Every structure is written in structure tokens, then in C-alpha cells.
Amino acid sequence: MSEYIVKGKNVKLNQQNFVAKGGEGMIFQVGKTAYKIYPDLSKMIPEAKIKELSTIATDNIIAPLDLVYNNKKQIVGFTMKWLGGDIVALCKLFVNGFRQTNNITNDHILELVENMKEIISYIHKNNFVMVDGNELNYMVRDDFVTPYFIDTNSWQTPSFPATAIMPSIRDYTTDKFSNLTDWFSFAIVSFQLFVGVHPFKGKHPKFKRNDFKGRILSKLSVLNKDVRIPPNVRD
């Protein structure tokens, strides 16, 4: 068992509260609160960035809320809203079998995509840039229309640059990250939700598999007649 301090109060976290361990830290849950604890303090995001991100936290944006201290008064993590109930990774909605099992229709997908678009617009209005808006950074409620934005630590805030981006959703036509590159990433993910395949996957005779940069710069999407696509792709 380990003791921490949040907003001047002691919090005890033990194995029963443990949820998962990632590359940077460990996630614990107590009631409606999630705790992200960094065993390696060198991987902690700056305190000022945590405070900036806390201003964007909403029901649908799972951002840092309060700082977590150890008994040496060092910042070792932060709290977040705990997503209770049944939620799934957004990428599951790409798969035909999952959609059929859960009776997910194109109407569900359209409403989900519209809700994602509204939240991204809200993020931009508050001077944040997601940068790494890949499909693993979204969760979806089991109504299949309510999105949640997670892994906000890597976002670009008014004072801090972004720290990560997945190659598959990167806009290679520019070296800078902006609202427009966020919309490019959103378009990639939306296409996968509707059609079930990444718009720059499939096989083209002139490109190696997963050469996203080459295909994007050459504008050779799955809509090109020379691109072979898997048979399970939706119309």
C-alpha cells in the first residue's frame, strides 16, 4: 500500500485499486476518480502543463484534474475522472463483426462522428491542439455515439508543445501541428469508422506496406483504382 496526498488529503492506493500499467505510469481507481502515478519522476509531464490541461477537462475530455504528491511533497502524478460503466475502444467500431454483434448502424457512426467533431472544435476554441488524434486515444460509451478523449497528456497546450504522434494519422504535407492537422487526423479516423479501412492502406504496386508518408504525399488513397483493398471493407 502507498499513501499519497491530493488537495491536502491522504489517499491510500493498493493492489485492489490497481487498473493498468503503461509505458509511463500506473493507473489506479478509487470511486469516481482515477489516479495516474509515475514511478519514474523523469517521465512526469510538467506541473504547469497539468494545470493547463485541467482547464479543458469536461465530461467527454479525460484530462488531468488535481496534482498527486508523495510523502516527500514531490509531484508523482495526477487525478482524472474515472470512466465507469461499459466503454469500448473506438477502434473496435472499425470491425464488421463487432458492429454486427452490437447492432451498430451507420446512423450510430454518423452521430458519433458529429459528436467528435463538436468536441474537437471546443478543444481548438480553447487554444489546445490534440496533435495525436489516433483511434487509440478515443473511447466510446456502449450507446456507440458518446465519445471520450483520453491520453491528453501529449496534447499541445498554450505553453507546451506536443510530445507524440502516431505515423498513421500524421499530415505529412506540413512540418507544423495545428488545428488543420487535427482535422486531417479526424478525417482519417472518421473514414475508418465509416468504411472499415485506413484511407491510405491497401496495396499499391509502387509503395511498401504502411508507407503512409509516401501514399499521403502522392494522394494515393484506397479510392485509387490501382490500390487493392481487403474484401471486408465496407461500401
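A quick note: this is a predicted structure, and the numbers were derived from the prediction, not measured. (Residues numbered from 1 in each chain as written. Predicted model: local features only at pLDDT ≥ 70, side-chain atom pairs only at ≥ 80, totals over all residues. Heavy atoms only, no water.)

Draft legend 1. Layout of the overall build of the chain. In terms of regular secondary structure, the chain is built from five helices and 10 strands. A compact globule built from 235 residues would reach a C-alpha radius of gyration of about 18 Å, and the chain, at 20 Å, matches this within 12%. Across the 235 residues that make up the chain, the buried fraction comes to 43%. For the chain, the proportion of contacts with a sequence separation of at least 24, taken over those separated by at least 6, is 58%. (Helix = DSSP H or I, 4+ residues; strand = E, 2+ residues; numbered from the N terminus. Rg over C-alpha atoms; globule rule 2.2 N^0.38 Å. Buried < 20%, exposed > 50% of the residue type's maximum accessible area, 1.4 Å probe, protein only. Contact = heavy atoms within 4.5 Å.)

Draft legend 2. Broad picture of the side chain of Ser-221. Inspection of the secondary structure puts Ser-221 in the segment after α5 (212–218). A relative accessible area of 16% places Ser-221 in the buried class. Residues within four places of Ser-221 in sequence aside, it is in contact with Pro-199, Phe-200, Arg-215 and Val-227.

Draft legend 3. Geometry of helix α1 (residues 47–54). For α1, the set of buried residues is Lys-49, Ile-50, Glu-52 and Leu-53. Burial along α1 is one-sided: seen end-on, the buried residues are contained in an arc of 160°. Of the surrounding secondary structure, the elements contacted by the buried residues of α1 are β6 (67–69) and β7 (75–81). (Arc of directions from axis to C-beta.)

Draft legend 4. Representation of the sheet that holds strand β10 (residues 147–149). One open sheet accounts for three strands, arranged β8-β9-β10; its pairing is antiparallel. At either margin of the open sheet sits one strand with a lone partner, and together these are β8 (87–89) and β10. Going across the sheet, the axis of each strand differs from the next one's by a mean of 35°, ignoring polarity. Taken together, the three bridges between strand β9 (residues 138–141) and β10 define a ladder with antiparallel strand orientation. Within β10, the residue paired with Tyr-138 across the bridge is Phe-149. Of the strands in this sheet, β9 and β10 touch helix α3 (residues 106–125), which is tilted by about 30° from β10. (Pairing = 2+ DSSP bridges. Axes fitted to C-alpha atoms, helices over the stretch in contact; angles between N-to-C directions.)

Draft legend 5. Molecular detail of the nonpolar core. Leu-90, Leu-93, Met-116, Phe-149, Trp-155 and Leu-193 are the most contacted members of the largest nonpolar core, which totals 46 residues. Counting only elements with at least two residues in this core, the list comes to α1, β7, α3, β9, β10, α4 (179–195) and α5. For Trp-155, the residues in contact, after removing those within four places along its chain, are Lys-49, Leu-53, Ile-56, Ile-61, Ile-123, Phe-128, Val-129, Met-130, Phe-149, Phe-160, Pro-161 and Ala-162. In terms of nonpolar packing, the next biggest core, distinct from the first, is built from nine residues, Val-6, Phe-28, Val-68 and Val-76 among them. (Core = buried A, V, L, I, M, F, W, Y, C linked by side-chain atoms within 4.5 Å.)

Draft legend 6. Main features of the pattern of salt bridges. Within this structure, the stated rule accounts for four salt bridges. In this structure, Lys-12 engages Glu-3 in a salt bridge whose closest nitrogen and oxygen atoms are separated by 4.0 Å. The partner of Lys-81 in a salt bridge is Asp-59, with the nearest N and O atoms 3.9 Å apart. You can see Lys-81 sitting in strand β7 and its partner Asp-59 sitting in the loop between α1 and β6, a full 22 residues away along the chain. Using a relative accessible area of 31% as the deciding quantity, one classes Lys-81 as partly exposed. (Salt bridge = Lys/Arg side-chain N within 4 Å of Asp/Glu carboxyl O.)

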